[in-house]
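Residue-level listing of the chains:
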Amino acid sequence: MDQAPALEIDNLRVDYGDFTAVDDLSLKLPPGEIFGLVGPNGAGKTSTIRVLASLLEPTYGEVRILGHDLFEEPVKALERLGYMPDLAPVVPNLKVWEFLDLYAHSFGFRGSEKRDRVDHCLAKVKLGDKRNDYGRALSRGMTQRVVLAKTLLHNPKLLLLDEPASGMDPLARRDLRLILQELAADGASVIVSSHILSELADMCTSVGVMHKGRLLHSGSIADTLATIKSEATAVRVELVDSVEAVADWLRRDERVDEIQIEGLRVSFRFRGEKRDQHELLRAMIRGDFPVVAFSPREGGMESVLMSLITEERH
Amino acid sequence: MQSLLGVLNLADNPVFHRYRRSQLRLKVSMAWLLLTLIVTTFVTTLPYIIQTNIGAPEQAAARNLWIPLLIIQGLILLLKGTARTAAGIIQEKIDQTLDYQRLTPLAPLKNVVGYLLGLPILEYAMFALTLPHLAFIVIKGNIPLLTVLSVYTSLFVCTIFYHMTAVAVGMVMKRWIVGYMASIFSVVLLNLVIAPLSSILGLKFLQYLSVFPVIGQKVQPMVEGPGFTPGPNLGPGQNFGPGPNFGPGPNFGPGPNFGAGPGPDPGTGFDFAEPVPFFDMTLSPFLFTILLQGGLIVTFATMAVRRWKKADKHSLSKPYALGMLTAFVVLVIGNTWPIITGQSLPFAIFGSDVLADRAEAIAIGLPIVYSLAVLLLCTFLYFNTVPTHHDYVRGLRRAKKLGRKAARPWDDDSAHLAFMSLFAVIALAGFAVLFFEMESAGFLRFLDGTGYAAWRLPLALVLVLVYTLLLLQVLENRGAVLSLILVWLLPMLVAIVVSAAMERLTLFQTVVASISPLATLLAAGLMPIGDAVAQVSESPEFATVRSGFYTGLGFLVAQIALLGWRWQVLRKRLR
């Protein structure tokens, strides 16, 4: 059983009336993986995570957590699962340690073991000095950290974190990254969702891109970037004038799409190699367009997302 | 047994401890605890001093304090505690902290017990502060300990019942203030309106949903003094036993055993000290209250655990709903059995104590009350078991994935008409028993010498049940509620206003009213009056009621056909 994948999803579908939030999603996550689930708002990330946390009943599909069927053996499946929702709350009229004590007790810890576990998790999120503060007195970022501590209480082997970094300052984000990497090193798997790719880039070992309920792409960060790099590049051109004329001229090029005009700048996506970019610039100058700057912005995670979504649209 | 003890072990219940910590902090609870202590001490000490000063015996003076103390304790546990439980569970849901708790391996029932006893823990602490006053009353009043024990067992069971209802309702509601107000309103309604009204209408068992019957049985006899001496109408009514004139046949004239005498108050129907009739048995109010409330506690606990396991599931499964309807029908018939079999009249009914009127009122009224009660319960059960379009489609897709044509009939996502028709079958079975026994007892022959047209009311009830079911399936909850207001109530109200303005009942009002399925049901129930009157004279009212019934039946069939057609179209579209 130890060799079982941390998570297996087969043909998962979630409908809200006529709207399909998750459409035939299949995924396998090995132990020790930090998987970033990324996509724009409404892509189906939260619905997927809520199904995995057993808080939402799917239309159909199979989910196995550490080899246990989520719908057939929910108690065993959920035993080693940690879930941290988006904008996770704490109980306002409980002290931080009381809040954690509640869940440590619920997860079966008793006596000194319970106290030690609470202290350990508080130390892990660097909130040991806040243990006697009330929930209502915590900032947004601190609240997120307390909930993260709660999620870690029972030493989960699969963590589901829905937009965990929202509200966290850069230091807290770094701490979150370190905690997740530490957990992964211990063999735990993590699914982190976000609509901000740069949040995930330095945190995850693999990434899945969701759009309109479908998983468009999944793979390691490096593979994903490599795949996309050769296919599309965001380019920004600065001009002295004739912005509309340049945009019209670009529209005639089949390798160009998503043209946007901002003042004297034209941004677009260009499918082609470095040499093709060079040819494009030469053609613009030969066409007597007043180009001041030509800036290709390659490899960013945002362009990965944009590229995949645009491909899906086409 | 061990696991049940584990569930009830509050020392090992983290949810209970969570509320113990948050609600019993001195600065949070101090004001309420002080208020309780001051008010209770004032309410019990002052009357005691006054009474003893004017020469009342200490025992009587102490016993007289028991009911005021019970009122305070009831307000704390039943009103404030219920409201706090409902509001608290809704707030947990809004805050999403309920979801955290759902994901822990703590058993669902243990969670429910934790919330049930933890949310109103401040109210239990306030109640505990009234116990020294109770001890004073018991010692000074020389009240038997067994009596005290049975009264407080009943109060505790009632408290658990109300709080369990609040937990179950809180799992469904979305705004805490609505839950808070609704629970206060429900407690007041149940105790001060439904309990007395239900007894008058013949559904006497509903009054055992309050704590009053046990207080009537156990506390009232204890209380002495001018203010609390039981009046003649509250004493046991012994003259309602079987009498020769109440047997089958047309002899429903006034007889010696049905004259006025000590017994239940005909105005309210309350008769707390009397044993509860149930088929051929009589049960003590204490036992009946415990059994009835215990059954409902189990039902609401089932609802809460079900919602706990899956937040988007129905509160009740379809088989459980059918079981609940069956139990209700058995309770209704069992409770009115001595009346419908003509054996005795164990409690005042329809506020009438003239035999001839009562016999007719029973023959006409009981089937109508039965129909309305069953319709009310079925509507509640339909609202809890009919799937939304979203659920229905989800069920279809899931079934297709599993290689089936549709969801299984008893699944939450199923809208299987034949399975849902079982509700109507159970209602009809109850009707059959009711009519058979009433016929045997001679009630029906008294009303209709030409043969009672027993098919009208059951037919109308079945049609109204099918109509309600289709309404929910086609329009879903909100649309159905709107339709209930516009189609069920509005035509009746218009007809009533026009009749009041014209000072007579004409065909116009009857036709308008008959648009409402509820009016059709009432017209069907009132038809026997028309039949009886028709034997004597060609009354215009008879013709009006008859027209109203047949017009209403026409409207009902037309609406069912329309909804049925809409449902078929919708099913094809949803598929």
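Model, not experiment: these values are computed from the prediction. (Residues numbered from 1 in each chain as written. Chains lettered and ligands numbered in written order. Predicted model: local features only at pLDDT ≥ 70, side-chain atom pairs only at ≥ 80, totals over all residues. Heavy atoms only, no water.)

Caption draft 1: Here's a closer look at the environment of glutamine 59 of chain B. Looking at the secondary structure, you find glutamine 59 of chain B in helix H4 (residues 58-63). Taking the C-alpha atoms as reference points, glutamine 59 of chain B and tyrosine 48 of chain B, 11 residues apart in sequence, are found 10.0 Å from one another. (Helix = DSSP H or I, 4+ residues; strand = E, 2+ residues; numbered from the N terminus.)

Caption draft 2: Representation of the nonpolar core. Within the largest apolar cluster, 149 residues are counted, with the highest numbers of intra-cluster contacts made by Trp66 and Tyr152 of chain B. In this view, tryptophan 66 of chain B contacts Leu134, Ile137, Ile143, Thr147, Val148, Val151, Tyr152, Val219 and Met222 of chain B; residues no more than four positions away in its chain are not counted. (Core = buried A, V, L, I, M, F, W, Y, C linked by side-chain atoms within 4.5 Å. Buried < 20%, exposed > 50% of the residue type's maximum accessible area, 1.4 Å probe, protein only. Contact = heavy atoms within 4.5 Å.)

Caption draft 3: Up close: the side chain of serine 371 of chain B. All names here are of chain B. Relative to the assigned elements, serine 371 resides in helix H14 (residues 355-385). For serine 371, a relative accessible area of 1% gives the class buried. For serine 371, the residues in contact, after removing those within four places along its chain, are Phe431, Leu457, Leu461 and Leu521.

Caption draft 4: Structural detail: the domain arrangement of chain A. As assigned here, chain A comprises domain 1 (7-220) and domain 2 (233-298). Relative to domain 2 of chain A, the C-alpha centre of domain 1 of chain A lies at a distance of 42 Å. (Domains from an automatic or database assignment.)

Caption draft 5: How the structure looks around the interface of chain B and chain A. In this assembly, 31 residues from chain B lie in contact with 38 residues from chain A. Contact between chain B and chain A buries roughly 3200 Å² in total, counting both sides, with carbon and sulfur atoms accounting for 54%. In terms of surface lost to chain A, no three residues of chain B exceed Tyr100, Leu103 and Arg397 of chain B, which account for 23% of the buried area on that side. On the surface where chain B and chain A come into contact, there are 7 salt bridges. (Buried area = accessible area lost by both parts, 1.4 Å probe. Salt bridge = Lys/Arg side-chain N within 4 Å of Asp/Glu carboxyl O.)

Caption draft 6: Fine view of the pattern of salt bridges. In the structure shown here, the tally under the stated rule is 34 salt bridges over all chains. Across the salt bridge formed by arginine 110 of chain A and aspartate 12 of chain B, the nearest N and O atoms sit 2.8 Å from each other. A residue pair is termed interchain when its members come from two chains, as with arginine 110 of chain A in the loop between helix H3 (96-106) and helix H4 (111-124) and aspartate 12 of chain B in the loop between helix H1 (2-8) and helix H2 (14-23). Judged by its relative accessible area of 21%, aspartate 12 of chain B falls in the partly exposed class. Arginine 251 of chain A serves as the salt-bridge partner of aspartate 248 of chain A, at 2.8 Å between the closest nitrogen and oxygen. Of this pair, aspartate 248 of chain A and arginine 251 of chain A both sit in helix H9 (residues 243-251), 3 residues apart, which is roughly one turn of that helix. Look at aspartate 248 of chain A and you get partly exposed, because its relative accessible area is 39%. Among the residues examined, arginine 251 of chain A registers a relative accessible area of 48% and is labelled partly exposed.

Caption draft 7: Region of interest: the packing of helix H3 (residues 26-53) of chain B against helix H8 (residues 121-140) of chain B. Residues and elements named next belong to chain B. Where H3 meets H8, the axes come as close as 9 Å, and the angle between the chain directions of the two elements is 20 degrees. The angle between the axes of H3 and H8 places the two elements in the roughly parallel class. Between H3 and H8 the crossing geometry is right-handed. Between H3, through Ser29, Trp32, Leu33, Thr36, Leu37, Thr40, Thr41, Thr44 and Tyr48, and H8, the contact on the second element is made entirely by Leu122, Ala125, Met126, Leu129, Thr130, His133, Phe136 and Lys140. (Axes fitted to C-alpha atoms, helices over the stretch in contact; angles between N-to-C directions. Parallel < 35°, antiparallel > 145°, perpendicular 65-115°, else oblique. Left-handed = near helix turned anticlockwise from the far one by under 90°.)

Caption draft 8: Representation of helix H10 (residues 176-200) of chain B in the model. Residues and elements named next belong to chain B. For H10, which comprises 25 residues, the first-to-last C-alpha distance of 34 Å matches the rise-based estimate of 36 Å (1.5 Å per residue) to within 8%. Leucine 190 marks the point of greatest bend in H10, at about 45 degrees. Buried residues of H10: Gly179, Ser183, Val187, Leu190, Asn191, Ala195, Pro196, Ser198, Ser199 and Ile200, and no others. On its buried face, H10 sits against helix H5 (66-95), helix H9 (145-170) and helix H11 (212-219). Where H10 terminates, the next one or two residues include glycine 202, which has phi positive at roughly 100 degrees. (Expected span 1.5 Å × (residues − 1). Bend = angle between axes of the 7 residues up to and from the residue.)

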